[in-house]
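Architecture and fold: a report
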Amino acid sequence: MKFFVDTAEIDAIAELNDLGMVDGVTTNPSLILKSGRDILEVTKEICDLVDGPVSAEVVATKADDMIAEGRKLAEIADNITVKLPLTWDGLKACKVLSGEGKMVNVTLCFSANQALIAAKAGATFISPFIGRLDDINIDGMDLIADIRTIYDNYGFETQILAASIRTVNHVLESARIGADVMTAPPEVIKKLAMHPLTDKGLETFLADWAKTGQKIL
Ligand code: E4P
């Protein structure tokens, strides 16, 4: 499974990228607000740092305006993925921009039918939002599983990008189901390395080592 990091914070991206953990980046208008940066400047910096796809989201709501914004965002770098909302206008823009050879991430997906229609419109990535479904007491993992089944049934090449990931279990379940990509905040990616038995075991080893009185260096 590819790992995208869901943030516009350069330092956090750089730290994970140095460890080889970053296959791409996703941003959205809320993450740009949180960064306090200009969208064009910060997105360019991210694209320079990371080799993989970097999603930058349009904010227009009419297809023609989305297409114009998408073209402008795509000029930032070759690895830009234009992020479009899953609306009828967004699908029109998806068809046009993907037809021009641009990568497109169709976002705010909350149903398998939405994912089906995004694939037919030529989406490179579909972003089902797991956490926001869980927030309203609907199991977001069922959506990932349904999309996986439907895409496999018909051989759609659109990649399932599990989004709105809030917990390490979301990552595990997405991997079990076979999501192609997951995007998560840096703190969730770091938590993947944690286990209380690792901490406890290390504590014991270090206490025993101290009793030996030895040194390695
Ligand atoms: C994905 O591309 C979105 O930016 C993101 O995953 C949304 O997550 P949230 O629901 O935690 O805001």
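Residues numbered from 1 in each chain as written. Predicted model: local features only at pLDDT ≥ 70, side-chain atom pairs only at ≥ 80, totals over all residues. Heavy atoms only, no water.

Before going further, it helps to spend a moment on helix α1 (residues 10-18). Think of an α-helix as 3.6 residues a turn; residues three or four steps apart then line up on the same face. Within α1, burial applies to Ile13, Ala14 and Leu16. At its buried positions, α1 is contacted by β1 (2-6), β2 (24-26), α3 (39-49) and α10 (186-191). Phi turns positive, to about 75°, at Gly20, one or two residues after α1. (Buried < 20%, exposed > 50% of the residue type's maximum accessible area, 1.4 Å probe, protein only. Helix = DSSP H or I, 4+ residues; strand = E, 2+ residues; numbered from the N terminus. Contact = heavy atoms within 4.5 Å.)

This brings us to the packing of aromatic side chains. Tallied over the full model, the rule gives 4 aromatic pairs. Measuring from centroid to centroid gives 5.6 Å for Phe4 and Phe125, while their planes differ by 70°, and the two rings are edge-to-face. With Phe4 in strand β1 and Phe125 in strand β6 (residues 125-128), this pair connects stretches of sequence that are 121 residues apart. When its relative accessible area of 2% is taken as the criterion, Phe4 is described as buried. On the accessibility criterion, Phe125 (2% relative accessible area) is buried. Note on Tyr154 and Phe156: the rings are 6.4 Å apart at their centroids and 55° apart in plane angle, and the pair reads as tilted. Through pairs of rings, three or more aromatic residues link up here, namely Tyr151, Tyr154 and Phe156. (Phe/Tyr/Trp six-rings, centres within 6.5 Å; stacked < 30°, edge-to-face > 60°.)

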